Amino acid sequence: MKNNIENFVKSFGKVDKNGFFKFEGEFYRYKKEADNFVFSKLKCENFYDLFKIVAESKLDLFMKTVEGFIHNTNGKLTPVFSRLGLLESKIEEVKDFPEFRGGYRVYEKIFNSVKVLIEIYDCIGDFLEASTFAGKKPINLKRFFEGYYHAVITDREVKHNVVFSLNISENANITVFNNAFVKTVYFLGESVFAQIRGKEKSVKYEISADNTNEAEFMSDIFPFDFNSEDLDPAMLQSSMYFEFFKEVCQKNEINFEEFDSGIRIKI
């Protein structure tokens, strides 16, 4: 038994210094010290409570980090955009001068780039705002998911190993418990992202929504299969995040169904 579990632990590859795994149906907590693992068995209910604390703390840290970044950089970006606007009339006056040939096009590129960046910040702001509101109110899914996308790709591994595709109608709106909806989207995303972190692996992740009260999430790793008695840290994280996704849905009037290539959420 000991040799078997040690061989299983050695097969993990690159993992966090602390975490959990499942072996022969039992849950374990581990700590990595240099190249060695120290691990101890956990009761099922203790594991669930511990992992939920970890997951909620990670979500809270993620939101605070993104919010802090947006707040600190937006304060510097907005004055740049305002000053570019003040320059526009002056640039217009000299754009046809031979010595300024091409200068106006450069100005336009800078202006439009800053404008797009501010629009990205605004979308991230909508996503963050939804995370702080516990009640029900409408969400525009296009702005929400664009904000979500730009927020999650601040994680380098997600940015480089997840191929995103957003197909969201401009008029796709839902009325839902905002904070709960953020959690469903975050936990479902983490159940996908957990499987690529620390690995030479990439996945597709497509989010689609039209003007009905539903959204579809599709990936080449759906449907999930977590029936194994042995789950390494990545697959156990994926499994637990998916459980939390289902739990939040069930508690907040959010219906979902699984199909061959994805998950459909219905409000």
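Residues numbered from 1 in each chain as written. Predicted model: local features only at pLDDT ≥ 70, side-chain atom pairs only at ≥ 80, totals over all residues. Heavy atoms only, no water.

Novice: Looking at this structure, I do not really get the overall build of the protein chain. What am I missing?
Specialist: Secondary structure summary: the protein chain contains 7 helices and 10 strands in total. Structurally, the protein chain occupies a C-alpha span of about 80 × 45 × 30 Å along its principal axes. Pairs at least 24 apart in sequence give 65% of the contacts found in the protein chain among residues at least 6 apart. For the protein chain, the exposed area adds up to about 15000 Å²; of that, 50% sits on carbon and sulfur atoms. (Helix = DSSP H or I, 4+ residues; strand = E, 2+ residues; numbered from the N terminus. Contact = heavy atoms within 4.5 Å. Areas by Shrake-Rupley, 256 points an atom, 1.4 Å probe, with all protein chains shown as cover.)

Novice: I tried to follow the pattern of salt bridges on my own but got confused; where do I start?
Specialist: Oppositely charged side chains can pair when the atoms bearing their charge come close. Per the stated rule, a full pass over the model turns up 17 salt bridges. The closest approach of N and O atoms between glutamate 56 and lysine 183, which form a salt bridge, is 3.5 Å. Taken as a pair, glutamate 56 in helix H2 (residues 44-94) and lysine 183 in helix H6 (residues 178-193) lie far apart in primary sequence, 127 residues in all. By relative accessible area, which is 28% here, glutamate 56 ends up partly exposed. We note a salt bridge from glutamate 257 to arginine 264, for which the minimum N-O separation is 3.1 Å. Since its relative accessible area comes to 31%, glutamate 257 is described here as partly exposed. Among the ionic contacts, a cluster of salt bridges with common partners joins Glu214, Glu216, Glu257, Arg264 and Lys266. (Salt bridge = Lys/Arg side-chain N within 4 Å of Asp/Glu carboxyl O. Buried < 20%, exposed > 50% of the residue type's maximum accessible area, 1.4 Å probe, protein only.)

Novice: Explain the pairing of strand E8 (residues 214-219) to me, please; I cannot follow it from the model alone.
Specialist: Two faces, one strand: in a regular strand the side chains alternate between the faces of the sheet. Extensive coverage of E8 is indicated by the burial of 5 of its 6 residues. Both strand E7 (residues 203-209) and E8 contribute to a ladder of 4 bridges, which runs antiparallel. For serine 208, the partnering residue across the bridge sits in E8 and is glutamate 216. Counting the residues that bridge the hairpin from E7 to E8 gives 4 residues. (Pairing = 2+ DSSP bridges.)

Novice: What should I look at first to understand the sheet that holds strand E3 (residues 36-42) in this one?
Specialist: Adjacent strands of a sheet pair through backbone hydrogen bonds, lying either parallel or antiparallel. Strand order in the open sheet formed by 3 strands is E1-E2-E3, with antiparallel pairing between adjacent strands. Each edge of the open sheet carries a strand with a single partner, namely strand E1 (18-23) and E3. Strand-to-strand twist in this sheet, taken as the mean axis angle between neighbours without regard to direction, amounts to 35°. The sheet contact formed by E1 and strand E2 (residues 26-33) spans 6 bridges and is antiparallel. Pairing of phenylalanine 23 across the sheet is with glutamate 26, part of E2. (Axes fitted to C-alpha atoms, helices over the stretch in contact; angles between N-to-C directions.)

Novice: Sorry if this is basic, but what is going on with the nonpolar core here?
Specialist: Soluble globular proteins: nonpolar side chains tend toward being buried together. By size, the foremost hydrophobic cluster in this structure holds 70 residues, and its most contacted members are Phe145 and Tyr205. With 10 residues, the next largest nonpolar core counts Phe12, Tyr28, Tyr30 and Phe37 among its residues. (Core = buried A, V, L, I, M, F, W, Y, C linked by side-chain atoms within 4.5 Å.)

Novice: Where do I start with the packing of helix H3 (residues 103-132) against H6 in this structure?
Specialist: The relative placement of two packed helices is expressed as an angle between their axes plus a distance between the axes. One can describe the packing of H3 onto H6 by two numbers: an axis separation of 6 Å at closest approach and a directional angle of 115°. By the angle between their directions, the pair H3 and H6 is classed as roughly perpendicular. The two elements H3 and H6 meet at a crossing, and its hand is left-handed. Touching Phe127, Ala130 and Ser131 of H3 are Asn178, Asn179 and Val182, all from H6. A per-class count over the contact of H3 with H6 returns 3 nonpolar, 3 polar and no charged. (Parallel < 35°, antiparallel > 145°, perpendicular 65-115°, else oblique. Left-handed = near helix turned anticlockwise from the far one by under 90°. Nonpolar A, V, L, I, M, F, W, Y, C, P; charged D, E, K, R; others polar.)

Novice: Is there a simple way to explain the sheet that holds strand E10 (residues 262-266) in this structure?
Specialist: Reading across the sheet, the 5 strands line up as E5-E7-E8-E10-E9 and stay open at both edges, with mixed pairing between neighbours. This sheet does not close on itself; its edge strands, each paired only once, are strand E5 (162-168) and strand E9 (255-259). Between one strand axis and the next, the sheet turns by 15° as a mean value, whatever way the strands run. Each of E5, E7 and E8 is contacted by helix H4 (residues 141-152), which is oriented at about 170° to E5, the strand it contacts most. Lying on the sheet, helix H7 (residues 233-251) is in contact with E9 and E10; it crosses E9 at an angle near 140°.

Novice: Just to check I follow, could you spell out the side chain of aspartate 232 for this structure?
Specialist: Assignment of secondary structure puts aspartate 232 in the loop between E8 and H7. For aspartate 232, the side chain forms a polar contact with the main-chain nitrogen of alanine 234, separated by 3.2 Å. Polar side-chain contacts of aspartate 232 include one of 2.8 Å to the backbone nitrogen of methionine 235. Residues in contact with aspartate 232, not counting those within four places in the same chain, are Phe8, Phe12, Phe21 and Lys199. (Polar contact = N/O pair within 3.5 Å; in protein donor to acceptor, adjacent residues only side chain to side chain.)

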